[in-house]
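Below, each chain spelled out in residue letters.
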Amino acid sequence: MNEELKIKFWGVRGSYPTPGAGTVKYGGNTACVEIRAGRRTIILDAGTGIIPLGRELVKRTSQEKQPIELLLLFSHLHHDHTQGFPFFVPAYIPNAKLHIFGPGGTPETVKHVLEHNQSAETFPLSLRDMASVKDIESVRESQVIVWDEDGVHFAESGSRSSEDAVVIHIHKSYAHPGGVYIYRIIWHGKSVVYATDTEGYVGMDRRLAAFARNADVLIHDAQYSEEHYRGQLAGFPSTQGYGHSTAAMASEVAASAEAGELVLFHHDPAYTDDLVAAQESTAQKLFPDSHAAYEGLEIKLNADPKGFSGQPDAKFAGESWLKHNLDRK
Ligand SMILES: [Zn+2]
Ligand SMILES: [Zn+2]
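Residues numbered from 1 in each chain as written. Chains lettered and ligands numbered in written order. Predicted model: local features only at pLDDT ≥ 70, side-chain atom pairs only at ≥ 80, totals over all residues. Heavy atoms only, no water.

Caption draft 1: Representation of the coordination of the zinc ion (ligand 2) in the model. All of the protein donors around the zinc ion (ligand 2) are H76 (NE2), H78 (ND1), H176 (NE2) and D197 (OD); their distances to the metal are 2.1 to 2.6 Å. Around the zinc ion (ligand 2), the four donor atoms are arranged such that angles at the metal cover 88 to 176 degrees; this shape is classified as irregular. Counting along the primary sequence, the residues that act as donors to the zinc ion (ligand 2) give the motif H-x1-H-x97-H-x20-D. In this structure, the zinc ion (ligand 2) lies 3.6 Å away from the zinc ion (ligand 1), the two metals sharing D197 as a donor. Within this pair, whereas H78 is found in the loop between strand 4 (69–73) and strand 5 (97–102), its partner H176 is found in the loop between strand 9 (166–173) and strand 10 (180–187), the two being separated by 98 residues in sequence. Overall, H78 belongs to the partly exposed group, its relative accessible area being 34%. (Donors = N, O, S within 2.8 Å, 3.2 Å for Na, K, Ca; no water. Tetrahedral: all angles 85-135°; square planar, octahedral: opposite > 155°, others 65-115°. Helix = DSSP H or I, 4+ residues; strand = E, 2+ residues; numbered from the N terminus. Buried < 20%, exposed > 50% of the residue type's maximum accessible area, 1.4 Å probe, protein only.)

Shown next as structure tokens:
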């Protein structure tokens, strides 16, 4: 059995795809990250990076003679995180099974947004025309997603899970217009936190740092340079309040969380490779183990079935953190 937790980046750009000579090093596809935990495949967001991933999954599963089953998690439903889904080949395969979760005001929100993206006026094929078996649901922050021998299901926070289970915790951040889900994926003692589309606070996002505590890999939004964010970059207005971070904000969270490694993500679409490389250098001065995500980047973590559970610091996580702090005031 494969005992590595593998993370692969298929799309690392924010806002819109950016093909062209200036972006070949880091890539131009929008957000999509694949996580493989043994036989299980989890996909974070469906930007255009999911299109080549879909073709790869079809090839891989046909070689292995296995039907496709995967878990797709949306951080939120902005266009750059959903725009690849209509072109995701596995969704058209009749015996493929897709569990699709994300945020929303009602349990149907994710389904309604995907249906709207593929309405007759906007796309030739509807969600119904995609022949796969789809379980689409908006989930709440308090729900813990578990994928184990019994399949994909929900559990209560703190409940015990089997040794081979993939356990996913959700943190709802308000530091992005409309809110965003940050996910912590835990398997065999290793954990990855995916925190895209989130803006740092003055004095740092402490709730996020607590949620990401001791994660082996923290994937964090780092769309802007400091000058850009402050409106001091010629031709670019200030982006404060847009819901994205600077490389320094990402580094602060990684340092406070004592993450193993920081991956800068959601690069600004106007940034050429040189500018993204400069973001990486800025981050490395504050948190040495920082890397700018690029298309094709793979990170492999040696799994330890008996290792630390990777459960977020319960004392500070979510509601209890707020209550704790409000009570003290
Ligand atoms: Zn985005
Ligand atoms: Zn967004």
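Caption draft 2: Here's a closer look at the side chain of Q279. With respect to the helices and strands, the residue Q279 is situated in helix 6 (residues 273–286). Sequence-distant contacts of Q279, that is, excluding residues within four places in its chain, are made with A222, Q223, Y224, S225, A247, L264 and Y271. (Contact = heavy atoms within 4.5 Å.)

Caption draft 3: The sheet that holds strand 4, seen in detail. The strand order across the open sheet formed by seven strands is 6-5-4-3-2-1-15, and the pairing between neighbours is mixed. Of all the strands in the sheet, the pair left with one neighbour each is strand 6 (133–138) and strand 15 (298–302). The sheet shows a mean angle of 15 degrees between the axes of neighbouring strands, taken without regard to direction. In the sheet, strand 4 pairs with strand 5 via five bridges, with the strands oriented parallel. Directly across from L70, in strand 5, lies its bridge partner L98. (Pairing = 2+ DSSP bridges. Axes fitted to C-alpha atoms, helices over the stretch in contact; angles between N-to-C directions.)

Caption draft 4: Geometry of the sheet that holds strand 10. The mixed open sheet is built from eight strands, whose spatial order is 8-7-9-10-11-12-13-14. Whereas interior strands pair on both sides, the edge strands pair on one side only; in this sheet they are strand 8 (151–155) and strand 14 (290–292). Between one strand and the next, the sheet's axes are offset by a mean angle of 20 degrees, whatever the strand orientation. Of the strand pairs in this sheet, strand 9 and strand 10 are connected by seven bridges, and their pairing is antiparallel. Bridging from a neighbouring strand, V167 pairs with I186 of strand 10. Along the sheet, helix 6 contacts strand 13 (262–265) and strand 14; its crossing angle with strand 14, the most-contacted strand, is approximately 170 degrees.

Caption draft 5: Empty space enclosed by the protein, seen in detail. Under the criterion given, the structure shown has one cavity of 30 Å³ or more. In this structure, the largest cavity encloses a volume near 40 Å³. Forming the boundary of the largest cavity are T198, E199, G200, M204, D205, L208, H220, S245, M249 and V253. (1 Å grid on protein atoms, 1.4 Å probe; cavity = no way out; pocket = protein on both sides within 12 Å on 5 of 7 lines; lining within 4 Å. Points joined across faces, edges and corners; volume = space filled by probe spheres on them.)

Caption draft 6: A look at the nonpolar core. Among the nonpolar cores identified, the biggest contains 35 residues, and I7, F9, V33, I35, L73, I219 and F265 are the most heavily contacted of them. Counting residues per element, this core draws most heavily on strand 10, at four residues. Ranked by size, the runner-up nonpolar core spans 24 residues in total, among them I51, L53, F88 and L114. (Core = buried A, V, L, I, M, F, W, Y, C linked by side-chain atoms within 4.5 Å.)

Caption draft 7: Broad picture of the packing of helix 5 (residues 247–257) against helix 6. Their axes nearest at 9 Å, the elements helix 5 and helix 6 cross at an angle of 35 degrees. In this structure, the crossing between helix 5 and helix 6 has a hand that is right-handed. Of the residues in helix 6, those touching helix 5 at A247, A248 and S251 are Q279, T282, A283 and L286. Classifying every residue of the contact of helix 5 with helix 6 by side-chain character gives four nonpolar, three polar and no charged. (Left-handed = near helix turned anticlockwise from the far one by under 90°. Nonpolar A, V, L, I, M, F, W, Y, C, P; charged D, E, K, R; others polar.)

Caption draft 8: Seen up close, the coordination of the zinc ion (ligand 1). Coordination of the zinc ion (ligand 1) by the protein comes from D80 (OD), H81 (NE2), D197 (OD) and H266 (NE2), over a distance range of 2.1 to 2.3 Å. Geometry at the zinc ion (ligand 1) is irregular, judged from the four donor atoms that bind it and their angles of 92 to 166 degrees at the metal. Here the donor residues of the zinc ion (ligand 1) share one chain and are spaced in sequence as D-H-x115-D-x68-H.

Caption draft 9: Quick peek at the packing of aromatic side chains. Counted by the stated rule, this structure contains six aromatic pairs. Between the aromatic rings of F87 and F123, the centroid separation amounts to 5.2 Å while the plane-to-plane angle is 90 degrees, which identifies the pairing as edge-to-face. One end of the pair, F87, is in the loop between strand 4 and strand 5; the other, F123, is in the loop between helix 2 (109–117) and strand 6, and 36 residues separate them in sequence. Owing to a relative accessible area of 43%, F87 belongs among the partly exposed residues under this scheme. (Phe/Tyr/Trp six-rings, centres within 6.5 Å; stacked < 30°, edge-to-face > 60°.)

Caption draft 10: Representation of unusual backbone geometry in the model. Even without being a glycine, K65 presents a positive backbone phi close to 55 degrees. Relative to the elements of secondary structure, K65 occurs in the loop between helix 1 (50–63) and strand 4. For K65, a relative accessible area of 73% puts it in the exposed group. One non-glycine residue, N214, adopts positive backbone phi at about 60 degrees. One can find N214 in the loop between helix 3 (206–211) and strand 12 (217–221). Overall, the relative accessible area of 38% leaves N214 in the partly exposed class.

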